[in-house]
Every structure is written in structure tokens, then in C-alpha cells.
Amino acid sequence: MKRPDSKLNETEVKENGDAGGHLSVFTNVHTAAGSPEKRLLSAFKKDTNPGKAYLAGREYYSEDGKTFELRLVRRIKQQLSADPTTRPEYPSPLGLTEFTRRATEVALGKSSRAIVEERVLGVQTPGFTAAVRLGAELLRNWYDHCAAWCGPVYLSSPCDDSLAGIFQAAGIQDIREYYYWDDQQRGVCLDKLLEDLEKAPERSVVVLSASAHYPTGADLSHNQWAVITELIMRRRLFPFLLLPPQALCYGNVEREAWPVQYCASQGMELLCAQSFSHCFGLYGEAVGHLLCVLKQNSLLLSVQSQAATIVKSLWAQPSAGGANIVATVLSNPAHVVEWKEEVKHIVERCMLIRELLRERLRLLGAPGCWDRLTQQSGLYCNTGLNEDQVEFLSQRRHVYLLPSGCLNVSAINGRNLDYIAESIHRALTTSL
């Protein structure tokens, strides 16, 4: 019999994993599959070609190829850090009151009937995905208090790869797709979209991009929104709208949020996840917001208490820094004017890049019609390239796009525009 302090032999240590003779609880944990974006970025960083171009990032890039910080935001950061009256403190689980009030007004408009009738709840979240997660948690407990509701949730095809995982992490396993992008039409196929949603069971949740659909950049028109809204109401479905980080389509805040305001004006209950990262240049601040529009204000306190309880189990309190900057801007009319001008400049630059790329491809004789580049909006556009052509670009031309053929237009600048246009032309005309 061994004494307690006697040494284990080497065989025991090797077989059992540690000197205590116990296997690690993490022994059978498998490496998670990396996202396409992560794999692309890894390949890009290993690429030693000096002319390489990474067009798959989610940030807005300025003409010099660097992430962009708004001048106004930089100034306000300096003012807040120098303010001697500022004291560090935890916000409430639902976030800074001034931030949630201003974020709600951005989405619905100050004169919104839902705001006037006090049947709106805004919750600050640590980023866009956290807003989606909180919405998923609320839905799971909202529909049926006796038995947790587990779906279905309908996502567009294609959509952000992370969305399905967010809903599944909240316990909603029934994830389905509805048709959105059509490769032949190079745009949204409304007929097939409606066909899929007509088959959706009652109480299904339909996740819809209100602006800057990721990853296609193809948004629904006002007429299409009207048709889809009518179907959702008739089939008793529930809309979950997204105003994602890359929602920089028009340089007009009211126009970006029009679908949210339209749905609310029809008397619909809805959720809307918002992000303020791109439009304020707050990439490291993780500033998100979940908006809940209810049927009647008698439900507000119960939903508010549910949200607070869920938040305490997920992240306790959101951080105050980025939200304080957003609230400072949106509560000052002069700041709002300056902010809108800077955002408008960003959007105009993205549209100019689209026009220049379209013209370069036309002059090169690239097959097909490239008007879709300027018909889409936001940071992303769908080039229509297939997987083989995308692989050709990365392997032969050192230009990295998402596998779907989508690219971030802000990553194109005066230094790489001609090379990227020529590379796309070669991908289309070279025998693969």
C-alpha cells in the first residue's frame, strides 16, 4: 500500500493525464469549427504577397485602409475622460436610461404612437449579438409560460452564420430558412420568400433585416415590406427585425429604420436588435440595444422584469462607456447634425466605390451586368461570383472575399481598386 505522499509511476501519470490520477474534465471537448471569416483572416495573415487585399472584414475602413473613428466621437471621448464630475458606476441591468430612450427614438421616431402610449421597452446590451440573444431568451419564455416555446425561427438564406447558433444557445433548436437571395436574379426573390413564409406555422418567428442585409447587401423595398408585413399579420407570425452593425445604407437614420417604424405603425408586436458600432465607430465598445414593441402597456412591467432577470444571468450589467458616448451625441441637436454629416460622408464614399468598381468592370469587359453593385446598399455587396471564382481570387490573386462572393466595399480604395477589378475580371474569364 502506497503512502499518501508516495510518487506515482510514469505509466500512471501518462494514462490518467495528471499526477492525481484523474482525467481532465475537458478531455473530450472537441475543437469548434472555425467560421469562414476566421479561416479567411488566418489565410490572409499568412499570405506574404504585398498586394493582398482583405475584403471580408466587418468594420468600416477609411481610404487609408484603417478602421475609421468619427471626429465627433473622438472629441466626446476626450471631453468625458476630462470631466471631473464623471464617476465610475454600474448601470442598471437594463442599461443607461438616456441611452435606451435615445436608441428607441432612433428606431421608432420621437412621435411614434408606441412611445406615446408607453408600450415600448428598450434594453442596452453589450453588442448586437447580445441583443439578438436577449430577444431569443425573451421569446422562449414569452409565448408560453407553462412550456418553453422552442421555435420555429425562420432565418434568411443566406444570413449571418452566427444567428442560428445564438437562437440555439437560448434553447430554440427548430431553426428553418426562408428564400431570400436568388443567384440567377442577382437580387431578392420575393415570390419564393413569400412561398416559404406562407408555410410557416402560427407563432413562428421571422428574422428580417431592416437594413443592410448581411451578407448580400440587398434590401427589401418599401412595397416588398408592405407585402411581407401583411403576410406576417395574416399568418400570425412574429417579426424579429435586425438593424445590424453594418447598417450604413443611406446616410439617413430615419430611412435606415423605416421598416421598424412601418411595422410598429401597423400595430404589430415586434423585437428589434440594434447596433451602434459602425455608425459611431465604436468597434471595441460593444454597444447594442434590444427594442420591444408590445400590444398594450399593461404588459410592460412583466416584460421588463423578465428582461432584467435574464440579463442578470447573462451579463449582469452592460458597460457604460460606449452607451454614454451615444447618449451624449443623440441628446444634443448640434452633435446629431455633425454625426449625421459624418455618417453621410461614409455612405457617400461607399456608393462612390460601388460606382467606380462597376465602371472598371464595364471597361474591362467583365461578363454580365454589374448594375447590381449600385442597386445594393450598405457595407456589403454580392458580386455573384461562385465558390470556384472566389477561391481563384484568394489562391491566384491574393484577394479575399467571403465564400458567398460578398465583399466589404469600404475595404476598396484608390490603391487597390484597379487590381481588384482586374482580379474579378480574371476570375470570370479564366478557365477554372
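Just so it is clear, the model here is predicted, and its values are computed rather than measured.

## Quick look at the pairing of strand E10 (residues 288-293)
- In terms of burial, E10 is a largely internal element, six of the six residues being buried.
- Side-chain alternation along E10 places Gly288, Leu290 and Cys292 on one buried face and His289, Leu291 and Val293 on a second face that is also buried.
- Note that strand E2 (residues 120-125) and E10 share six bridges and pair antiparallel. Its bridge partner lying in E10, Leu121 is registered against Cys292.
- As defined by bridge partners, strand E9 (residues 270-275) adjoins E10 across six bridges and the pair is classed as antiparallel. For Gln274, the partnering residue across the bridge sits in E10 and is His289.

## Notes on helix H15 (residues 333-364)
- Under the 1.5 Å per step criterion, the end-to-end length of H15 is 47 Å for 32 residues, consistent within 8% with the ideal 46 Å.
- Positive phi shows up at Gly365, right after H15, with a value of about 80 degrees.

## Thoughts on helix H18 (residues 417-429)
- Its 13 residues place the ends of H18 19 Å apart at the C-alpha level, agreeing with the 18 Å of an ideal helix rising 1.5 Å per residue.
- Within the span of H18, buried status applies to Leu417, Ile420, Ala421, Ser423, Ile424, His425 and Ala427.
- Its buried side turned inward, H18 meets strand E1 (53-54), H15, helix H17 (387-396) and strand E12 (399-400).

## Here's the deal with the side chain of Ser62
- Position of Ser62 among the secondary structure elements: in the loop between E1 and helix H3 (71-82).
- The exposure class assigned to Ser62 is buried, which follows from its relative accessible area of 12%.
- One polar contact links Ser62 to Asp64, side chain to side chain, over a distance of 2.4 Å.
- If sequence neighbours within four positions are ignored, Ser62 has contacts with Phe68, Arg349 and Ser410.

The rules behind these values
- Residues numbered from 1 in each chain as written.
- Predicted model: local features only at pLDDT ≥ 70, side-chain atom pairs only at ≥ 80, totals over all residues.
- Heavy atoms only, no water.
- Buried < 20%, exposed > 50% of the residue type's maximum accessible area, 1.4 Å probe, protein only.
- Helix = DSSP H or I, 4+ residues; strand = E, 2+ residues; numbered from the N terminus.
- Pairing = 2+ DSSP bridges.
- Expected span 1.5 Å × (residues − 1).
- Contact = heavy atoms within 4.5 Å.
- Polar contact = N/O pair within 3.5 Å; in protein donor to acceptor, adjacent residues only side chain to side chain.

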